[in-house]
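Residue-level structure breakdown
Below, each chain spelled out in residue letters.
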Amino acid sequence: MNSQPVIDPLAIAALDTERHVAAGGWDQPARLFALVRTESLLAREPHLRAQMGPSDLAGGALTAVEQEGLPTTTSLETLLGRLAWPDEVDGCAFAIERMVVPPEAERDLPTRSQDAVDALAAHPDRKDVRLLVAVLREGPSICLLRQREHDSDDAVATGPDIAPGIVEALRASFAP
């Protein structure tokens, strides 16, 4: 177990955002957050300072701002492909729930999309997970993974490449 404190602003923002999403329970739709430098946010919205704690005001800190009204779609690629951010946004975080099954469960699936989803959902080795992927405009990223069966803040896996496709799609949303 790593007992070093987390000091990376992106990691702190991702962990805080993941815990915020987790507080809403399971079976949520995808959620999207803009990440902005807290210092810049407070310059534009000084009244928010009273709501912030000492760690929120640390140098380089990021604040997550949820983006309401995310369109519902069955295509993750379509949703992420439509994202674009103004210059004031320094990064973003995206949370989505997924089913994970062993590779052999994907063999011999029905050809009709909904039948395949139903078959995977009924698989006895299915695991429900929530991914939170956060990226900064300048490139750094972090991925967090929470399993429903181990739903605890101290059981969230982190890594740079848990969801490489989502990382790349979010990075692309900052392309000029």
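In this report, the structure presented in the accompanying data block is examined. (Residues numbered from 1 in each chain as written. Predicted model: local features only at pLDDT ≥ 70, side-chain atom pairs only at ≥ 80, totals over all residues. Heavy atoms only, no water.)

Summing up its helical and strand segments, the protein chain has five helices and six strands in all. Ordered by position from N to C terminus, the α and β elements of the protein chain give α-β-α-β-α-β-α-β-β-β-α. Here the C-alpha radius of gyration of the protein chain, 18 Å, is about what a compact globule of 176 residues would show, namely 16 Å. A buried classification covers 39% of the 176 residues belonging to the protein chain. (Helix = DSSP H or I, 4+ residues; strand = E, 2+ residues; numbered from the N terminus. Rg over C-alpha atoms; globule rule 2.2 N^0.38 Å. Buried < 20%, exposed > 50% of the residue type's maximum accessible area, 1.4 Å probe, protein only.)

Attention now goes to the packing of aromatic side chains. In this description, a pair of aromatic rings is defined by centroid distance and the angle of the planes. This model, assessed by the stated rule, comprises one aromatic pair. Between Trp-85 and Phe-174 the ring centres are 6.0 Å apart and the planes differ by 15°, which places this aromatic pair in the stacked class. Taken together, the residues Trp-85 in the loop between helix H3 (76–81) and strand S3 (91–100) and Phe-174 in the segment after helix H5 (164–172) connect sequence positions 89 residues apart. Given the relative accessible area of 13%, Trp-85 is considered buried. Taking the relative accessible area as the measure of exposure, Phe-174 reaches 8% and is therefore buried. Across from the ring centre of Trp-26, 4.2 Å away, lies the NZ or CZ of Arg-130, which sits over that ring. (Phe/Tyr/Trp six-rings, centres within 6.5 Å; stacked < 30°, edge-to-face > 60°. Lys NZ or Arg CZ within 6 Å of the ring centre and 35° of its normal.)

This part covers the sheet that holds strand S6 (residues 157–159). The strands making up a sheet are joined through hydrogen bonds of the backbone, oriented either antiparallel or parallel. A sheet is described by the order of its strands in space; here six strands give the open sequence S2-S1-S3-S4-S5-S6, paired in antiparallel fashion. Of all strands in the sheet, those bounded by a partner on one side alone are strand S2 (62–66) and S6. Neighbour-to-neighbour, the strand axes of the sheet open up by a mean angle of 25°, direction not taken into account. (Pairing = 2+ DSSP bridges. Axes fitted to C-alpha atoms, helices over the stretch in contact; angles between N-to-C directions.)

To continue, consider the pattern of salt bridges. All chains considered together, the criterion is met by 13 salt bridges. Between Glu-138 and Arg-37 there is a salt bridge whose closest N-O contact spans 3.0 Å. You can see Glu-138 sitting in the loop between strand S4 (127–136) and strand S5 (141–147) and its partner Arg-37 sitting in strand S1 (residues 31–37), a full 101 residues away along the chain. Residue Glu-138 is classed as exposed on the basis of its relative accessible area of 53%. Residue Arg-37 is classed as partly exposed on the basis of its relative accessible area, which comes to 23%. (Salt bridge = Lys/Arg side-chain N within 4 Å of Asp/Glu carboxyl O.)

Moving on to the environment of Ala-116. Following the sequence through the fold, Ala-116 ends up in helix H4 (residues 113–121). Between the C-alpha atoms of Ala-116 and Glu-106, which are 10 residues apart in sequence, the distance is 8.7 Å. Sequence-distant contacts of Ala-116, defined by excluding residues within four places in its chain, comprise Leu-109 and Pro-110. (Contact = heavy atoms within 4.5 Å.)

With that out of the way, let us pick up the layout of surface pockets. Roughly 740 Å³ of volume is contained in the largest pocket. Considering the residues around the largest pocket, the lining is formed by 29 residues, among which Ala-30, Thr-73, Ile-96, Glu-97 and Arg-98 are closest to the centre. Listing elements by their share of the lining of the largest pocket, those giving two or more residues are S1, H3, S3, H4 and S4. Here the lining of the largest pocket gets four residues from one element, more than from any other, and that element is S3. Grouping the constituent residues of the lining of the largest pocket by class yields 11 nonpolar, nine polar and nine charged. The calculated volume of the second largest pocket comes to roughly 420 Å³. Asp-16, Asp-56, Leu-62, Thr-63 and Ala-64 are the residues nearest the centre of the second largest pocket, which is lined by 21 residues in total. Those elements that provide at least two residues to the lining of the second largest pocket are helix H1 (9–22), helix H2 (38–44) and S2. The element that contributes the greatest number of residues to the lining of the second largest pocket is H1, accounting for six residues. Considered class by class, the residues forming the lining of the second largest pocket number 12 nonpolar, seven polar and two charged. (1 Å grid on protein atoms, 1.4 Å probe; cavity = no way out; pocket = protein on both sides within 12 Å on 5 of 7 lines; lining within 4 Å. Points joined across faces, edges and corners; volume = space filled by probe spheres on them. Nonpolar A, V, L, I, M, F, W, Y, C, P; charged D, E, K, R; others polar.)

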